[in-house]
Amino acid sequence: MSTDEKSGSYIEFKDVSKAFGDNRVLDHVSFSVMPGETVCILGRSGVGKSVSLMNIMGFLKPDSGRVIVAHEDITDYGEEDLERIRKKVTIVFQNGALFDSLTVGENVAFPLRERRQLSEEQIYQIVDGLLDMVGVKEMRDQLPSDLSTGMKRSVAIARALAAQPECVLYDEPTTMVDPLMAQLLGDLIKRLKIQLHLTSVVVTHDMRLAKKLADRVVFLHEARALFFGTHSEMERCDEPIVQEFLRLDEPGITASIEVNTTSDNGPADKDRPTS
Ligand SMILES: Nc1ncnc2c1ncn2[C@@H]1O[C@H](COP(=O)(O)OP(=O)(O)OP(=O)(O)O)[C@@H](O)[C@H]1O
Ligand SMILES: [Mg+2]
């Protein structure tokens, strides 16, 4: 049985556990994402947010539990089936993962050339439309190294959309960008959800972004999903760590937390040449 028609979830973690040696990262974590819904995964650094996304993409397998993606149980899937799923579900990595030696336009054209029989003229038009949609049309002939971190993220989002996915996973879309760019990226993700009816999973520790985007929030803490529900349900959650995160929504606090949290990754991510 590979479908998950019963619950109708587009993505579902059913009791997912994952450890690396003695490091128990996810311990019986369950949550679901309905079609068209945006779910934010919140939690402190190292809590397993990116590992959760890797399990959705099938790059990592759970030790136990089931992972449903695009209504299919992918837990035991091999590469061929996973490739099929990855045509529907795509990920925007924190560093953008753009090709250094290709221009912005060529980066976005890449999935179009790979997947479809399109003329050069058609590709040009689609790339133009996508770059316009994410607000970096004038950067078309630049190399990724010429762009700011925020612009690289916008280009990475355009490239992800070029594959016409049903679902986009975003890993920390607003980390390491200034507050204005963070707001623009948040607005962009929200607009795409509405215009393209995308199902989205957004990993973040940016409480303001979560408030703006999330239909529901998963809060990971000490390997468990401590909370799963709407923002207003989260406000009523009496877990102290959840309340602490909610207070980060206050202006002026998020910025300092971002600096602290991202420094755990070292400076390597900041404006690291994309690969
Ligand atoms: N491939 C791997 N092999 C071994 N350990 C790993 C691997 N991937 C992640 N981990 C470990 O799993 C834990 C969770 O990592 P993860 O990257 O999911 O954290 P995160 O919540 O995304 O943190 P951040 O906010 O810093 O990005 C960390 O302790 C990390 O060292
Ligand atoms: Mg991460």
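A. Representation of the overall build of the protein chain. From N to C terminus, the protein chain includes 10 helices and 10 strands. Buried positions account for 53% of the 275 residues belonging to the protein chain. In the protein chain, once contacts between residues fewer than 6 apart in sequence are set aside, the share between residues at least 24 apart is 67%. For the protein chain, the accessible surface area stands at approximately 12800 Å², while carbon and sulfur atoms represent 51% of it.

B. Highlighting the packing of aromatic side chains. Here the structure, examined in full by the defined rule, presents four aromatic pairs. Between Phe-219 and Phe-245, the aromatic rings sit 5.0 Å apart at their centres with planes inclined by 85 degrees, giving edge-to-face as the arrangement. One end of the pair, Phe-219, is in strand β9 (residues 216-221); the other, Phe-245, is in helix α9 (residues 240-247), with 26 residues separating them in the sequence. An aromatic cluster of three or more residues is present, and its members are Phe-13, Phe-31 and Phe-228. Sitting over the face of the ring of Tyr-124, Arg-140 holds its NZ or CZ atom 3.7 Å from the ring centroid.

C. Highlighting the sheet that holds strand β6 (residues 89-92). Read from one edge of the open sheet, six strands run β6-β7-β8-β3-β9-β10, paired in mixed fashion. The sheet is open, and its two borders are formed by β6 and β10 (224-229), each paired with just one other strand. Along the sheet, successive strands turn relative to each other by an average axial angle of 15 degrees, direction set aside. In this structure, strand β7 (residues 167-171) lies alongside strand β8 (residues 199-204), joined through five bridges in parallel fashion. Considered in β8, the bridge of Tyr-170 is made with Val-202.

D. Highlighting the nonpolar core. With 49 residues, the main nonpolar core has Leu-42, Val-108, Ile-157, Tyr-170, Met-207, Phe-219 and Met-234 as its most contacted residues. At seven residues, the largest contribution of residues to this core is made by helix α5 (residues 149-162). Setting aside its immediate chain neighbours within four residues, Leu-42 contacts Lys-49, Thr-204, His-205, Asp-206, Met-207, Ala-210, Val-217, Val-218, Phe-219, Leu-220, Met-234 and Phe-245. Ranked by size, the runner-up nonpolar core spans 32 residues in total, among them Ile-11, Phe-13, Ile-85 and Val-218.

E. Representation of the site of ligand 1. Around ligand 1, 13 residues are found, and the nearest of them are Ser-45, Gly-46, Lys-49, Ser-50 and Val-51. The backbone of Gly-48 places a nitrogen or oxygen atom 3.0 Å from an oxygen atom of ligand 1. Within the backbone of Val-51, one N or O atom sits 2.8 Å away from an oxygen atom of ligand 1. Taken by itself ligand 1 offers 640 Å² of open surface, and the protein chains cover 63% of this. Listed by contribution, the elements that provide at least two residues to the shell around ligand 1 are β2 (23-33) and α1 (49-57).

F. Up close: α9. Inspection of α9 places Ile-241, Val-242, Phe-245 and Leu-246 among the buried residues, and these make up the whole buried set. All buried residues of α9 lie within an arc of 145 degrees about the axis, which places them on one face of the element. Looking at the packing, one finds that the buried side of α9 touches β3 (38-42), α7 (207-213), β9, β10 and α8 (231-235).

G. Highlighting the side chain of Thr-75. Looking at the element boundaries, Thr-75 is found in the loop between β5 (72-73) and α2 (79-86). Judged by its relative accessible area of 8%, Thr-75 falls in the buried class. A polar atom in the side chain of Thr-75 sits 2.9 Å from the backbone nitrogen of Val-67. Among the polar contacts listed, one links the side chain of Thr-75 to the side chain of Asp-73, at a separation of 2.5 Å. Not counting chain neighbours up to four residues away, the residues in contact with Thr-75 comprise Lys-61, Pro-62, Gly-65, Arg-66 and Val-67.

H. The arrangement of the sheet that holds β5 in detail. Reading across the sheet, the four strands line up as β2-β1-β4-β5 and stay open at both edges, with antiparallel pairing between neighbours. Looking at which strands have only one partner, the edges of the open sheet turn out to be β2 and β5. As defined by bridge partners, strand β4 (residues 64-69) adjoins β5 across two bridges and the pair is classed as antiparallel. Bridging across to β5, Val-69 finds its partner in Glu-72. Along the sheet, α1 contacts β1 (11-20), β2 and β4; its crossing angle with β1, the most-contacted strand, is approximately 120 degrees.

I. Local environment of the pairing of β3. In terms of burial, β3 is a largely internal element, five of the five residues being buried. Residues Thr-38, Cys-40 and Leu-42 of β3 are buried on one face, and the alternating residues Val-39 and Ile-41, pointing to the opposite face, are buried as well. Judged from the four bridges that link them, β3 and β9 form a sheet pairing that is parallel. Counted as the bridge partner of Ile-41 is Val-218 from β9.

Parameters at a glance
Residues numbered from 1 in each chain as written. Chains lettered and ligands numbered in written order. Predicted model: local features only at pLDDT ≥ 70, side-chain atom pairs only at ≥ 80, totals over all residues. Heavy atoms only, no water. Helix = DSSP H or I, 4+ residues; strand = E, 2+ residues; numbered from the N terminus. Buried < 20%, exposed > 50% of the residue type's maximum accessible area, 1.4 Å probe, protein only. Contact = heavy atoms within 4.5 Å. Areas by Shrake-Rupley, 256 points an atom, 1.4 Å probe, with all protein chains shown as cover. Phe/Tyr/Trp six-rings, centres within 6.5 Å; stacked < 30°, edge-to-face > 60°. Lys NZ or Arg CZ within 6 Å of the ring centre and 35° of its normal. Pairing = 2+ DSSP bridges. Axes fitted to C-alpha atoms, helices over the stretch in contact; angles between N-to-C directions. Core = buried A, V, L, I, M, F, W, Y, C linked by side-chain atoms within 4.5 Å. Near = heavy atom within 4 Å. Polar contact = N/O pair within 3.5 Å; in protein donor to acceptor, adjacent residues only side chain to side chain. Arc of directions from axis to C-beta.

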